[in-house]
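# Survey of secondary and tertiary structure
Spelled out, the chains give:
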2 protein chains.
Amino acid sequence: MRQSEIFTKILREAPKDELSINAQLLIRAGFVDKLMAGVYSYLPLGLLVFKKIENIIREEINNIGGQEVLLPVLHPKALWEKTGRWQHEEMFRLKNREEKEFSLGWTHEEIVTPLVKNFVNSYKDLPVYVYQIQDKFRDELRSKSGLLRGREFVMKDLYSFHADEKDLDSYYEKVKIAYFKIFERCGLGKDTFLTLASGGTFSKYSHEFQTITPAGEDEIYLCPKCNLGINKEIIQEEKNQCPECGNKKLEIRKSIEVGNIFKLKDKYTKVFDFKFKDKEGQEKIVMMGCYGIGLGRLMGTIVEAHNDTRGMIWPEEVAPFKVHLIKIGESLEVKSLAEKIYQDLQKQGIEVLYDDRENKTAGEKFAEADLIGIPLRMVVSEKTLKLDSVEMKKRTEEEIKLIKINDLPQFLN
Amino acid sequence: MRQSEIFTKILREAPKDELSINAQLLIRAGFVDKLMAGVYSYLPLGLLVFKKIENIIREEINNIGGQEVLLPVLHPKALWEKTGRWQHEEMFRLKNREEKEFSLGWTHEEIVTPLVKNFVNSYKDLPVYVYQIQDKFRDELRSKSGLLRGREFVMKDLYSFHADEKDLDSYYEKVKIAYFKIFERCGLGKDTFLTLASGGTFSKYSHEFQTITPAGEDEIYLCPKCNLGINKEIIQEEKNQCPECGNKKLEIRKSIEVGNIFKLKDKYTKVFDFKFKDKEGQEKIVMMGCYGIGLGRLMGTIVEAHNDTRGMIWPEEVAPFKVHLIKIGESLEVKSLAEKIYQDLQKQGIEVLYDDRENKTAGEKFAEADLIGIPLRMVVSEKTLKLDSVEMKKRTEEEIKLIKINDLPQFLN
C-alpha cells in the first residue's frame, strides 16, 4: 500500500482525554478513531491488524473443530427473561416503535442454546462446537482504557455442547491449548498466564488468560513455580497460596484479561430444556462450555505489551505490514529504484507499506515509521543507491544493516 | 467439509410463518435461522455464501480505490441532532444507565463525515473513498420477506469525498460499473437494471440497481430499448416515458432494490462544515456521494432469482462449495474411493461438501443435495465403481454424465 494514498494521517499529539497508552498510540498513528468513550472506529491500518488477529483466532478455533456462525445483535426480551438475565446491569435495552422490547447482545448463551437444541436429538449429534466473531455491547460505566474496555467491541465467542462432563472437560483442555497458541501468535505468549478465577454459581473456578502489563485493570497473584495465576477475587479462598504447589511466595501483578473460559455445565441447557437421547435411549441434559476472546482488547493489549517511547512495535504475525519501505530523496533514480523494490516485494507476496510521500523530511518519515511500528524498515536513498544497497533496520533493534539489492530476495525469505 | 460433521440438519418443512421463498429455502437447508421477524442467524453453510458475497464486494470496491474501515453501531445523539435526523422513524434509540442517549446506526453519514474531515485540509488530500462492511439496524414495521428486509442486516456502505462535482460525477460512474460487476459475479447480471429513483432534496434523481423477480416489493417501469428502469415513485414526473429515448412502451415489473447510489453533494459536508483549501488557497465545501449494498438482501435475492421446486441453485461464484460429493452405499470399496476423491479434490483446491453420512438413503441424499443447490453433484456408488467412474450432474441440468476417475482432474480444471 502506498502511504500517500491512505486517507488517515499521523497526528502530532494524542487526544488529551485519552489516558491509556494503547489509545494514545493507536489514535496518533491513525489506526483507530474515538467516537465516544468505549466506542472506536477502526481505520485502514488498524483494520489490517484487527483482521490479522481475527484470522489467527479463526484458524486456531477451526483447528479444534469450531464451526463458524454469525448470530444477531438484537435479541428478543423473552429469551433473556427465561434465564433471569433481562435486568443485567451491563445490558442495553431498547424498544421499537411498537413498544416491543429488545436487548443488545453482550454474550450469546440465550441465543445459541435454543439454536443448537434445534439440531440435536441424539448422542450421535454431539459434541457441537460453534463460534462467531461478532459485535457485542455492554453498558460500561467506566471506559477509560482505550480498546481494553469497550461499550461496543468485537468478540470471538465459542460455545461447546457435550453428552457428559468428561467430554466437556476434555474439550476444555483443548481450548486452553488453542488459546495459548492464539496469544503466542499475537506476541503475548511469554506474558500471558492461565489464571484461576471465580466460577460463578455453576463451577468452583473458571479460567482466565491474564497478560501481565502495568496498564492492567486486574490484579493477579502469580506462582513463579507453576506459572499459574490466581485472580485477586479468589486469593483469600485459596489462603494466599498456590493451589497447585502450595507456594506462598506469590508475586502480585497488574494484568489484562485477554480471554476466559467457563464450564457452564447445565446452567443454560437446563433452562432451555436442552436434552438428548443417550445410547440407552435415556434423556439427559446437555453439558455446555463457553469461551471468549475480545479482539479489540487483544489488540490494545498487544500495544500495551509492545511499545517504546517512539511508538508501537508490532509482533510479526499481527503487524499491518511486514516491511515499511521508505523513499528518501526526490531524484528519479531513487524514485525508480524504490518503485521497483515496492513492485518486487509485492510480487513475492510480502506485505509492504511504501512511504512514497514527497513532502516529508527523512526525520519525519523515520519518526512516523517508528510510531506505526512495522517490524522491518527498509530505506532507499541517494546514499544507499550509490552502494547498490538498501538500509534495513528492525523495529526492535538499533542496528542498521546495508543489504545489496541483489541479495534482497534471499534476505527476505 | 464433511456433511456428517456440520451441526445443522435439513428440516423437513419450512417454518409456517415464513412466506418468502428465500427464507423458506434457506431455513429448510440450514443456511440461516430466524430469531425473530427481520433478524436472522447465519449458520455454517449460509455463512460460507455470505462470505463469498462479502469478498466479491470487497474486491470490486477495493478495485475502485475504496479504503476499508469499520465504524461503530452505537452513535452519540449529538451527531444525529446536528443533521436533523435524530427523530428518524426507522432509527432505534436507547439510553445507557446514566440516561445518556444513543442510536443504532442505520447509515453512517453522521459518523464518516466528521471522521474524514479530521484528515482533509487541502485539495491534495482529496478524493477520499472509504467503505465498511458492517451491521446496520432499522426499526422496520414489516419484515416478512426473509433476508430481503431486515431489522438487523449487514451492509457495504461506501462514501466518497471530492473537491468538486465533476470529480464526484466521474467517480459515481465508476461505482456504477463496479456495482454491475458485483451483481454479475453474484449471478444477477441479466436480471439487474440501473433504475432512476427519487433523489431526495439534494439531487433530482438517485440510481438504484433493481433485480427483476416476482418476490420484489418494488415496482419499476423498464424500457426494453435502453435497459433503463424508472422507479414507480417518479414515473409520473417522467410523464410515463423513458427519459433516455422517449419510449412509452414500458414494462411494469416487480423487483428488489439490491443497491443504491446517491450524489449527496454538500448535504452533509455543509452541516459538518467540511471544507478544504483549493489550489488558490480558497476554502470550499467538499462534495460527497454514498453507495450501499445490503449483503443479506443480496443473498436473499440470489435465492429468489435462482431456485426451482427442488431447492436453491447457487451461481458458481457464491456457491458454498463447488462440488457436492455424494457417497451411496456402505461397502469398503465405495467408501475408500469416495474418501480418496474427497482428499484429491481438496488437494486441488476445489471446495467440496462431502456427503459421507451413513444413515441416509440415496433418495434422501439427492433431495437434500438439490435443496442445498451446489453447482456440481458427483456421485460415487457400487455402480459407478464398477465402471471406474463417478456420476456428474450439474444442478442446472438434468443430464447425468459418467466420468472416468482418471479423467477427473482435467474435467474439473
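### Side note on the packing of helix H1 (residues 21-28) of chain A against helix H7 (residues 295-305) of chain A
All names here are of chain A. The geometry of H1 relative to H7 is characterised by a closest axis approach of 8 Å and an angle of 95° between their N-to-C directions. As far as their axial angle goes, H7 and H1 are roughly perpendicular. Within the contact between the two elements, H1 uses Ile21, Asn22, Leu25 and Leu26 and H7 uses Gly300, Val303 and Glu304.

### What to know about the domain arrangement of chain A
All names here are of chain A. Entries for chain A in the domain assignment read domain 1 (3-308) and domain 2 (321-412). A separation of 38 Å is found between the C-alpha centroids of domain 1 and domain 2. With six residues of domain 1 in contact, the opposing surface of domain 2 contributes eight residues. Partitioned by chemical class, the residues of the side of domain 1 that touches domain 2 number three nonpolar, two polar and one charged.

### Considerations on the pairing of strand E21 (residues 376-380) of chain B
Residues and elements named next belong to chain B. Of all the five residues making up E21, five are buried; the element is thus mostly covered by neighbouring parts of the structure. Residues Leu376, Met378 and Val380 of E21 are buried on one face, and the alternating residues Arg377 and Val379, pointing to the opposite face, are buried as well. Across five bridges, the pairing between strand E19 (residues 323-327) and E21 is parallel. Within the sheet, the bridge partner assigned to Ile326 lies in E21 and is Val379. As paired strands, E21 and strand E22 (residues 389-394) are joined by four bridges and run antiparallel to one another. Within E22, the position partnered with Arg377 by the bridge is Lys393.

### Overview of the sheet that holds E22 of chain B
Residue and element names in this part refer to chain B. Here five strands make up an open sheet; going across it, the order is E20-E19-E21-E22-E23 and the pairing mixed. Edge positions in the open sheet fall to strand E20 (352-355) and strand E23 (400-404), since each of these has one partner strand only. When the angles between neighbouring strand axes are averaged without regard to direction, this sheet yields 25°. The strands that helix H8 (residues 332-347) touches are E19, E20, E21 and E22; relative to E19, the one it contacts most, it runs at about 165°.

Conventions used here
- Numbers given for residues are sequential positions, taken from 1 along each chain in its written order.
- To label them, take the chains in the order written and letter them from A, then take the ligands in the order written and number them from 1.
- This being a predicted model, a pLDDT of at least 70 is required before a residue's local features are given, and a value of 80 or more before pairs of side-chain atoms are given or counted; all residues contribute to the totals for chains, interfaces and linings.
- Only the stretch in contact is used when fitting a helix axis, every axis being a line fitted to C-alpha atoms; angles between N-to-C directions are given from 0 to 180 degrees.
- Strands here mean DSSP runs of E at least two residues long; helices mean DSSP runs of H or I at least four residues long; both are numbered from the N terminus.
- Relative orientations are named as follows: roughly parallel for angles under 35 degrees, roughly antiparallel for angles over 145 degrees, roughly perpendicular for angles from 65 to 115 degrees, and oblique for any other angle.
- Note on contacts: each residue gets a C-beta atom placed from the backbone, and two residues are in contact if those atoms are within 7 Å.
- Residue ranges labeled as domains rest on an automatic or database domain assignment.
- Amino acid classes used here: Ala, Val, Leu, Ile, Met, Phe, Trp, Tyr, Cys and Pro are nonpolar; Asp, Glu, Lys and Arg are charged; the rest, including Gly, are polar.
- Here the C-beta atoms are placed from the backbone, and a residue counts as buried if at least 20 other C-beta atoms lie within 10 Å of its own, exposed if 12 or fewer do, and partly exposed otherwise.
- Two strands make a pair as long as DSSP finds a minimum of two bridges between them.

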